[in-house]
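One letter stands for each residue in the lines below.
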Amino acid sequence: MAEAFKFELVSPERLLVSEQVDSVVIPGAEGEMTVLAQHAPVMTMIKPGVVTVKTTAGKEERYVVFGGFADILPSGCTLLAESATHVNDIDRADIARRIQEAREDAADAKDDESRAKAEQFLSQLTTLEGALLPA
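Since we're looking at a predicted model, the values are computed, not measured.

J.: Help me understand the packing of helix α1 (residues 92-108) against helix α2 (residues 112-132), please; the structure alone is not making it clear to me.
T.: Two numbers describe a pair of packed helices, the interaxial angle and the distance between the axes. Two elements in contact, α1 and α2, have axes separated by 8 Å at closest approach and are oriented at 160°. By the criterion of interaxial angle, the relationship of α1 to α2 is roughly antiparallel. Considering how the two elements wind past one another, α1 and α2 form a crossing that is left-handed. Contacts between α1 and α2 pair I95, R98, I99, A102, R103, D105 and A106 from the former with R115, A118, E119, F121, L122, L125, T126 and E129 from the latter. Split by residue class, the contact of α1 with α2 holds eight nonpolar, one polar and six charged.

J.: Before we go on, may I ask you to explain the UniProt feature "domain: ATP synthase F1 complex delta/epsilon subunit N-terminal" (unreviewed entry) in the chain in this structure?
T.: Under the local residue numbering, the UniProt record ascribes the feature "domain: ATP synthase F1 complex delta/epsilon subunit N-terminal" (unreviewed entry) to residues 5-84. Note that residues 5-84 is 0% helix and 70% strand, and that its end C-alpha atoms are spaced 21 Å apart.

J.: What is the right way to read a nonpolar patch on the surface from this model?
T.: A cluster of nonpolar side chains, M43, M45 and F69, forms an exposed patch at the surface whose accessible area comes to about 350 Å². Along the chain, the position of M45 falls in strand β4 (residues 42-46).

J.: What's the story with the UniProt feature "coiled-coil region" (unreviewed entry) in the chain in this structure? I'm lost.
T.: UniProt records the feature "coiled-coil region" (unreviewed entry) for residues 92-119 in the present numbering. End C-alpha to end C-alpha, residues 92-119 measures 20 Å, and it is 89% helix and 0% strand.

J.: How should the pairing of strand β7 (residues 68-73) be read in this particular structure?
T.: Along any regular strand the residues' side chains alternate between the sheet's two faces. Only one face of β7 is covered, namely the one carrying G68, A70 and I72; the face carrying F69, D71 and L73 has none of its residues buried. In terms of strand pairing, β4 meets β7 through five bridges, oriented antiparallel. In the sheet register, T44 faces β7, and the bridge partner there is A70. Both β7 and strand β8 (residues 76-81) contribute to a ladder of six bridges, which runs antiparallel. When the sheet's bridge partners are listed, D71 is paired in β8 with T78.

Cut-off values and rules
- Residues numbered from 1 in each chain as written.
- Predicted model: local features only at pLDDT ≥ 70, side-chain atom pairs only at ≥ 80, totals over all residues.
- Heavy atoms only, no water.
- Axes fitted to C-alpha atoms, helices over the stretch in contact; angles between N-to-C directions.
- Helix = DSSP H or I, 4+ residues; strand = E, 2+ residues; numbered from the N terminus.
- Parallel < 35°, antiparallel > 145°, perpendicular 65-115°, else oblique.
- Left-handed = near helix turned anticlockwise from the far one by under 90°.
- Contact = heavy atoms within 4.5 Å.
- Nonpolar A, V, L, I, M, F, W, Y, C, P; charged D, E, K, R; others polar.
- UniProt positions renumbered as here; feature names shortened; annotations may be inferred.
- Patch = residues over 30% accessible without salt bridge, like charges linked within 9 Å, V, L, I, M, F, W, Y side chains within 5 Å.
- Areas by Shrake-Rupley, 256 points an atom, 1.4 Å probe, with all protein chains shown as cover.
- Salt bridge = Lys/Arg side-chain N within 4 Å of Asp/Glu carboxyl O.
- Buried < 20%, exposed > 50% of the residue type's maximum accessible area, 1.4 Å probe, protein only.
- Pairing = 2+ DSSP bridges.

Spelled out as structure tokens, the structure:
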């Protein structure tokens, strides 16, 4: 049995999760990472993706996040998301709107660096859309 630790998922609108969990998989900027109790201290950016939370009861909950930061300590993990929602509450129109906005940002970019960032975000969103909302 895994050692439990405190996990909190916070969006600007509300606190989505605040409980003891066995593990959390987060979409870090450098790739997915699994957080367990006693994890080494890390602060990382979060890219658009799915956060998978394994509760102490063995249940898995999934949340979609659209960027943010994760603060990981040996005693717990706090994920501050720019936007977050439970997978069951995902709205296809919302993801389509975000993809359209990212396309416009890429097209309107004033320099190569801005364009590259917008295109990377667009790629992350379309990957997320394909994983969550198959046609």
